[in-house]
Amino acid sequence: MSNVETKMPPTYPMNGGEGPYSYSKNSYFQRATTNVLKALIDEAIIEKLNVEALVSSRPATIRLADLGCSVGPNTFIAMQNAIDAIQMNLTSRGHITEMPEFQVFFNDHAANDFNTLFKSVPPERPYYAAGVPGSFHGRLFPESSLHFVHSQYALQWLSRIPDEMSNRNSPAWNKGKIHCTNASEAVCNAYAGQFNKDMEAFLKSRAEEVAAGGIVVLTMPGKPDDVPYSKIPVCLMYDFIGLSLMDMAKEGTISEEQVDCFNLPLYAASPAEIARLVKMDSSFHIETMELLNTQSRYEGGVNAQEIVIHLRAGLEGIISKHFGSEIVDELFRCLVEKTREFSYLLDSSYKEGTLMFLVLKRH
Ligand SMILES: C[S@@+](CC[C@H](N)C(=O)[O-])C[C@H]1O[C@@H](n2cnc3c(N)ncnc32)[C@H](O)[C@@H]1O
């Protein structure tokens, strides 16, 4: 294992604990996605994962990893579903007399609230559980040691904001905005460039860690190639956060300068970008790539309060780090109003397929 000392960019975990703004209490939208995807993931495991080969030597252990697991409970549901599907796959083939053992690795940044995660691991579980701290943009596991890798709503997080965006003389200086939604071409290119670098690093590491025949199932916000960010519901929400911050700057609660140099490291990739990156790496092939519609939260009479509390559970950390925790209540109050004011933009946004679902198989 090579040990390279690099300066790690800061990380911003979801709100920990079990309080009113915690991720564990405010991630039921994501959980709804887990439930909708169950049938697709079952199908991928049953049709694409050659489980018999995995248990051909004894003792057999099947190793699963959930990358960007946060604090639960969604990760426990996803991992249980995957194990159920693997077991079903094995029993349906009839000649498996002895079930393999299962080991599940729960990965997230070291700053994630692993204490809450560990306290809530289901006591009755058919697997050995381990926490793995560190960025999934680098190596986390030994070579060829994993058979099933899962990551839901995590790969949209960029590892950093590209350097050119911190330079006020650069065309990528994002004045008055905090995301690539409705931003200049230079800003959009900077975001896309960073996503490409991150995804390349992700695929390279997984190529080393996933055993031949293993599968990787990824779910993240996405967008069709020709639809602008300003038509994607979640990207509109990021823009509304920017507008709320600018309102607060005009009132003098924060400075415009603080807004100018703040950018959310969140991206929504398109199928063409993903296909190009997977092809470039050449260790995986795409078994399935679909843009799914599971965004009912943005349809017909948007519940601004619910959407905003979900965003707060994920973004409070990064926002309070930059602007100070004292502005957070007011910002999210403003955001509820902004979401109501511009709900017509959400109503008319593109919803046919904004969730990227990807099944990759290791050659
Ligand atoms: C929105 S949460 C998703 C949690 C869970 N997968 C779910 O679907 O509910 C995204 C998680 O990804 C984690 N994450 C983001 N970038 C990461 C990275 N480079 N390495 C590991 N975890 C990362 C965040 O810390 C966060 O806990």
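- In the nomenclature of an unreviewed UniProt entry, the chain corresponds to Loganic acid O-methyltransferase-like from the organism Rhodamnia argentea.

1. Remarks on unusual backbone geometry
Argument step 1. That bond from Gly 72 to Pro 73 is cis: its omega, 0°, falls within 30 degrees of zero.
Argument step 2. Mapped onto the secondary structure, Pro 73 falls in the loop between β1 (61-67) and α3 (74-92).

2. Re the pairing of strand β7 (residues 355-362)
Argument step 1. The element β7 is largely enclosed, with a buried count of 8 among its 8 residues.
Argument step 2. Judged by which residues are buried, β7 turns out to be covered on both faces: Leu 355, Phe 357, Val 359 and Lys 361 on one side and Met 356, Leu 358, Leu 360 and Arg 362 on the other are all buried.
Argument step 3. Pairing geometry for strand β5 (residues 210-221) and β7, over 7 bridges, is antiparallel. By the bridge assignment for β7, Thr 219 is matched with Phe 357.
Argument step 4. Pairing geometry for strand β6 (residues 284-292) and β7, over 8 bridges, is antiparallel. Bridged to Met 289 within β7 is Leu 358.

3. Looking at the environment of Gln 258
Argument step 1. Mapped onto the elements of the fold, Gln 258 is located in helix α7 (residues 256-260).
Argument step 2. C-alpha of Gln 258 to C-alpha of Val 336: the two residues are 78 residues apart in sequence and 21 Å apart in space.
Argument step 3. Ignoring sequence-local partners within four residues, the contact set of Gln 258 consists of His 322 and Phe 323.

4. A word on the site of the ligand
Argument step 1. With respect to spatial proximity, 18 residues lie near the ligand, and among them Tyr 23, Gly 68, Asn 74, Asp 108 and Gln 152 are the closest.
Argument step 2. In the environment of the ligand, an oxygen atom lies 2.7 Å from a nitrogen or oxygen atom belonging to the side chain of Tyr 23.
Argument step 3. The contact in question runs from an oxygen atom of the ligand to an N or O atom on the side chain of Asp 108, over 2.6 Å.
Argument step 4. Isolated, the ligand exposes 590 Å² of accessible area, and the fraction of that covered by the protein chains is 96%.
Argument step 5. Here the shell around the ligand is composed, by residue class, of 7 nonpolar, 10 polar and 1 charged.

5. Re the packing of helix α6 (residues 233-251) against helix α9 (residues 304-323)
Argument step 1. Two elements in contact, α6 and α9, have axes whose closest approach is 12 Å; the angle formed by their N-to-C orientations is 50°. What the angle tells us is that α6 and α9 run oblique. Note on packing geometry: the crossing formed by α6 with α9 is right-handed. Between α6, through Met 237, Tyr 238, Ile 241 and Leu 245, and α9, the contact on the second element is made entirely by Ile 307, Val 308, Leu 311, Leu 315, Ile 319 and Phe 323.
Argument step 2. In terms of residue class, the contact of α6 with α9 is made up of 10 nonpolar, no polar and no charged.

6. Some words on the nonpolar core
One broad trend across soluble globular proteins is that nonpolar side chains are buried collectively.
Argument step 1. By size, the foremost hydrophobic cluster in this structure holds 84 residues, and its most contacted members are Met 199, Leu 245 and Ile 319.
Argument step 2. With 11 residues, the top contributor of residues to this core is α6.
Argument step 3. In this structure Leu 245 touches Ile 178, Ile 254, Val 259, Phe 262, Phe 323, Ile 327 and Leu 331, once residues within four positions along its chain are discounted.
Argument step 4. With 35 residues, the next largest nonpolar core counts Ala 78, Met 79, Ile 83 and Phe 357 among its residues.

7. Here's the deal with the pattern of salt bridges
Argument step 1. Scanning all chains against the criterion turns up 12 salt bridges.
Argument step 2. Among the salt bridges present, the one from Glu 257 reaches Arg 168, with a minimum N-O distance of 2.3 Å. Taken together, the residues Glu 257 in helix α7 and Arg 168 in the loop between β4 (146-152) and α5 (185-209) connect sequence positions 89 residues apart.
Argument step 3. Linking Arg 206 and Glu 209 is a salt bridge whose minimum nitrogen-to-oxygen distance equals 2.8 Å. With Arg 206 and Glu 209 both in helix α5 and 3 residues apart, the pair spans about one turn of that helix. Just as Arg 206 is buried, Glu 209 falls in that class too.
Argument step 4. Each of Arg 139, Lys 204, Arg 206, Glu 208 and Glu 209 takes part in one network of salt bridges that share partners.

8. Thoughts on empty space enclosed by the protein
Argument step 1. Taken as a whole, this structure holds 1 cavity of 30 Å³ or more when the rule is applied.
Argument step 2. Here the largest cavity is characterised by a volume of approximately 50 Å³.
Argument step 3. In this structure, the largest cavity is lined by Thr 34, Leu 37, Lys 38, Ile 41, Ala 78, Asn 81, Ala 82, Phe 148 and His 150.
Argument step 4. Breaking the lining of the largest cavity down by element, the ones donating at least two residues are α1 (28-48), α3 and β4.
Argument step 5. For the lining of the largest cavity, the class distribution of residues is 5 nonpolar, 3 polar and 1 charged.

About the criteria used
For every chain, the first residue of its written sequence is number 1, and the numbers climb from 1 along that sequence. The predicted nature of this model means local features are confined to residues of pLDDT at least 70 and side-chain atom pairs, given and counted, to a pLDDT of 80 or more, with totals for whole chains, interfaces and linings taken over all residues. Working from all heavy atoms in the structure, the side-chain values ignore hydrogens and water. By the criteria applied, helices consist of DSSP H or I runs no shorter than four residues and strands consist of E runs no shorter than two, each listed in order from the N terminus. Three labels apply to residues, based on accessible area from a 1.4 Å probe with only protein chains included: buried if under 20% of the type maximum, exposed if over 50%, partly exposed otherwise in between. Think of it this way: DSSP has to see at least two bridges between two strands before they count as a pair. Whether two residues are in contact is decided by their heavy atoms: any pair within 4.5 Å suffices. Put simply, a residue is near a molecule or strand once any heavy atom of it comes within 4 Å of that molecule or strand. Polar contact is the term for a pair of N or O atoms within 3.5 Å; when the atoms are in protein, one must be able to donate a hydrogen and the other to accept it, and sequence-neighboring residues count only if both atoms are side-chain atoms. Each accessible area is a Shrake-Rupley estimate made with a 1.4 Å probe; only the visible protein chains count as cover when residues are assessed. Classification used: nonpolar for Ala, Val, Leu, Ile, Met, Phe, Trp, Tyr, Cys and Pro, charged for Asp, Glu, Lys and Arg, polar for all others including Gly. For helices, the fitted line uses only the C-alpha atoms of the stretch in contact; every axis is such a line through C-alpha atoms, and the angle between N-to-C directions lies from 0 to 180 degrees. The scheme is simple: roughly parallel for angles under 35 degrees, roughly antiparallel for over 145, roughly perpendicular for 65 to 115, oblique for anything else. Crossing handedness is read from the near helix: turned anticlockwise from the far helix by less than a right angle, it gives a left-handed crossing, and turned clockwise, a right-handed one. For the purposes of this section, nonpolar cores are sets of buried Ala, Val, Leu, Ile, Met, Phe, Trp, Tyr and Cys residues that join through side-chain atoms within 4.5 Å. The salt bridge criterion pairs a side-chain nitrogen of Lys or Arg with a carboxyl oxygen of Asp or Glu, the two atoms within 4 Å. Using a 1 Å grid laid over the protein atoms alone, points where a 1.4 Å probe fits but cannot get out form a cavity; open sets with protein on both sides within 12 Å along at least 5 of 7 lines form a pocket; any residue with an atom within 4 Å of a point counts as lining. Grid points are joined across faces, edges and corners, and a volume is the space filled by probe spheres set on the points.

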